[in-house]
Amino acid sequence: MKMPRIGVAEAWRDAARGFLQRNVPPEALIWGDTETAPDLFGGGELRGEAREVTVPKGFVSMANSVVWHSDPARFAKLYAFLWRLRDAPHLMADRGDRDLAALRRMEKNVHRCQHKMKAFVRFREIGDPDAQRRSFAAWFEPTHHTVEPTAQFFARRFGDMDWRIYTPDVSAVFEDGALRFVEDCPRPDLPEDANEQLWVTYFQNIFNPARLKIKAMTSEMPKKYWKNMPEAAAISELIAEAPARARAMAEAAPTLPPARVKQAQAQQARFASSWTRDTAALVAEVDKCTRCPLHCNATQAVHGEGPTSARLMIVGEQPGDMEDLQGRPFIGPAGQLFDEIAKSAGIDRGQAYVTNAVKHFKYVARGRRRIHQSPNRTEIVACKPWLEEEIRHVSPRVIIAMGASAAFALTGSAAPLKDRRGRVEHKADGVAVLVTYHPSYLLRAQDPEVAVRARDAFQSDLARGWELAQRH
Ligand code: URA
């Protein structure tokens, strides 16, 4: 029974149902997806009375993935198991069944391949960038036949542009909102993309030499995909430099605070220049704060920064290691990423007021390193009067809450961030609070697809918050 390369899921399902209804045993069939596979029934009618058959839902969903596997025996394996299932539907739940285990492995391989495709396809612009619908193309070499089942993901994501994903097998073409598949397109000669350097820079930024695990990295981003990914150009160099960079990071690791207090406080005074006399009193009070134990180990309180006339206020969690030492919010790694994304979202950081829910750095000391610890609810509540005072001084039109601690401090709700991100909520006094990720979440994400998706979402939240603040 020859299977088509396009639309194989429906074709296999219809064929298998027909054979099963007419009691055709697996050994009477030869399945294949190549030109050489014999078409046993020659496209003719199946003989015999069809009887109703029911197939467990779990099998249908598994088969819908397995049909895209590259193993030429996949159709035969599926049908042989389906045949056994007729009289023993409980087999679907039998973990010891070898046939089922083999199919589950194939299903998993296909899912993994779809996941890689979503993460590693890199489009290049092939049309006029000023055209009403811009045009992009990518070359990708999946391990399994995953273009067709994954194309809807790209159609949802890039619905307002035309794009093509070429593969050595079946290619996906999305034009004017319509998706189709084409067989055997030759490999196109794709131009370099202006965004390529951006990918390289982004990858260099999120690469942490101290956390380098080559095995995990090559398993998450297998080498076979590297050649079509611009950012992979940086990988070998980053791996080679990693030990030296990690050593340098360890040597530069901050020592514990007290010796630096004076210097840091002098810096703090310089950056507090946008405060009026009224707000200067608040700064002095926060500096003396002992409302929770966090002041004991921190170098200093870190105050908000930015014009008190700002329409947009951005609230993070608490100062990190560098912020604690230098007395300024968002200047360490998370702050630098925040700056970069805020800039691409059209935010001028100098026009926004940036602060934290908690003003002292909470950490545990491990050797010479100070490891960040999230503040607990009591600490957030203890610090809340200072945040409220800042809000009173600045009177922002909109506040962006970055991360769960800020969202809790501003709204009193500790609901999970995943259910709230991108939503506009409100403070008890009605001020709009747009909830988004904390930039350190983007830094921590190991999975490139998750990182890219989170970065896109974060950038669009920042842009939206900025836009709402100008409007109100
Ligand atoms: N993370 C925060 O939430 N705030 C900072 O100031 C730095 C890192």
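Caption draft 1: Focus on the pairing of strand β4 (residues 170-175). Across the 6 residues that make up β4, a large majority, 5, are buried. With 3 bridges joining them, strand β3 (residues 162-166) and β4 adopt antiparallel strand pairing. From the neighbouring strand, tryptophan 163 faces β4, where its bridge partner is phenylalanine 174. Counting the residues that bridge the hairpin from β3 to β4 gives 3 residues. Relative to strand β5 (residues 178-183), β4 runs antiparallel, the two sharing 6 bridges. Looking across to β5, one finds that serine 171 is bridged to valine 182. Where β4 folds back onto β5 in an antiparallel hairpin, the turn is made up of 2 residues, including aspartate 176, whose phi is positive at roughly 50 degrees.

Caption draft 2: Examining the site of the ligand more closely. Neighbouring the ligand are the residues Gly316, Glu317, Gln318, Pro319, Gly320, Glu323, Pro329, Phe330, Asn356 and His438. Glutamate 317 is positioned with one of its backbone polar atoms (N or O) 2.7 Å from an oxygen atom of the ligand. Glutamine 318 is positioned such that a nitrogen or oxygen atom in its backbone is 2.9 Å from a nitrogen atom of the ligand. Protein chains shield 93% of the accessible area of the ligand, which is 230 Å² for the free molecule. Along the lines of polarity and charge, the residues of the shell around the ligand split into 3 nonpolar, 5 polar and 2 charged.

Caption draft 3: Highlighting the confidence of the model for the protein. With 81% of its residues at a pLDDT of 70 or more, the protein has an overall mean of 85. Note on residues 35-45: pLDDT is under 50 here. Beyond four places in sequence and across chains, it has 15 contacts. When the criterion is pLDDT under 50, residues 270-275 qualifies, and its contacts beyond four places in sequence or with other chains add up to 12 contacts.

Caption draft 4: Main features of unusual backbone geometry. Even without being a glycine, aspartate 184 presents a positive backbone phi close to 50 degrees. Summarising the element assignment, aspartate 184 is placed in the loop between β5 and α6 (196-206).

Caption draft 5: View of empty space enclosed by the protein. Counted according to the given criterion, the structure contains 3 cavities of 30 Å³ or more. Roughly 70 Å³ of volume is contained in the largest cavity. Along the walls of the largest cavity sit Val286, Cys289, Arg291, Cys292, Leu294, His295, Val358, Lys359, His360, Ala382, Cys383 and Trp386, which together make up its complete lining. At 3 residues, the largest contribution of residues to the lining of the largest cavity is made by helix α13 (residues 377-394). In terms of residue class, the lining of the largest cavity is built from 8 nonpolar, 2 polar and 2 charged.

Caption draft 6: A look at the pattern of salt bridges. Scanning the entire structure with this criterion turns up 32 salt bridges. Here aspartate 321 and arginine 370 are joined by a salt bridge, their closest N and O atoms 3.1 Å apart. Here arginine 370 lies in strand β9 (residues 369-372) and aspartate 321 lies in helix α11 (residues 321-326), a separation of 49 residues in the sequence. Taken as a pair, aspartate 321 and arginine 370 share a single burial class, namely buried.

Caption draft 7: Spatial organisation of the nonpolar core. Formed by 54 residues in total, the largest nonpolar core has its most connected members in Leu312, Phe338 and Leu462. Each residue touching leucine 462, except ones within four places of it in the same chain, is listed here: Phe338, Ile341, Ala342, Ala345, Ile347 and Ile400. With 33 residues, the next largest nonpolar core counts Val8, Val24, Leu91 and Val110 among its residues.

Caption draft 8: Fine view of the sheet that holds β4. Reading across the sheet, the 5 strands line up as β1-β2-β3-β4-β5 and stay open at both edges, with mixed pairing between neighbours. A single partner strand is all that each edge strand has here, and the edge strands are β1 (124-125) and β5. Taken together, the 5 bridges between strand β2 (residues 135-139) and β3 define a ladder with parallel strand orientation. Paired with phenylalanine 136 across the bridge in β3 is tryptophan 163.

Caption draft 9: Summary view of the packing of helix α2 (residues 57-66) against helix α3 (residues 74-87). Across the interface, α2 lies against α3 with an axial gap of 10 Å and an inter-helix angle of 170 degrees. Here α2 is positioned roughly antiparallel relative to α3, judged by the angle of their axes. Contacts from Phe59, Met62, Ala63 and Val66 in α2 reach Arg74, Leu78, Phe81, Leu82 and Leu85 in α3. Here the residues of the contact of α2 with α3 sort into 8 nonpolar, no polar and 1 charged.

Thresholds, definitions, all that
Residues numbered from 1 in each chain as written. Predicted model: local features only at pLDDT ≥ 70, side-chain atom pairs only at ≥ 80, totals over all residues. Heavy atoms only, no water. Buried < 20%, exposed > 50% of the residue type's maximum accessible area, 1.4 Å probe, protein only. Helix = DSSP H or I, 4+ residues; strand = E, 2+ residues; numbered from the N terminus. Pairing = 2+ DSSP bridges. Near = heavy atom within 4 Å. Polar contact = N/O pair within 3.5 Å; in protein donor to acceptor, adjacent residues only side chain to side chain. Areas by Shrake-Rupley, 256 points an atom, 1.4 Å probe, with all protein chains shown as cover. Nonpolar A, V, L, I, M, F, W, Y, C, P; charged D, E, K, R; others polar. pLDDT = per-residue confidence, 0-100. Contact = heavy atoms within 4.5 Å. 1 Å grid on protein atoms, 1.4 Å probe; cavity = no way out; pocket = protein on both sides within 12 Å on 5 of 7 lines; lining within 4 Å. Points joined across faces, edges and corners; volume = space filled by probe spheres on them. Salt bridge = Lys/Arg side-chain N within 4 Å of Asp/Glu carboxyl O. Core = buried A, V, L, I, M, F, W, Y, C linked by side-chain atoms within 4.5 Å. Axes fitted to C-alpha atoms, helices over the stretch in contact; angles between N-to-C directions. Parallel < 35°, antiparallel > 145°, perpendicular 65-115°, else oblique.

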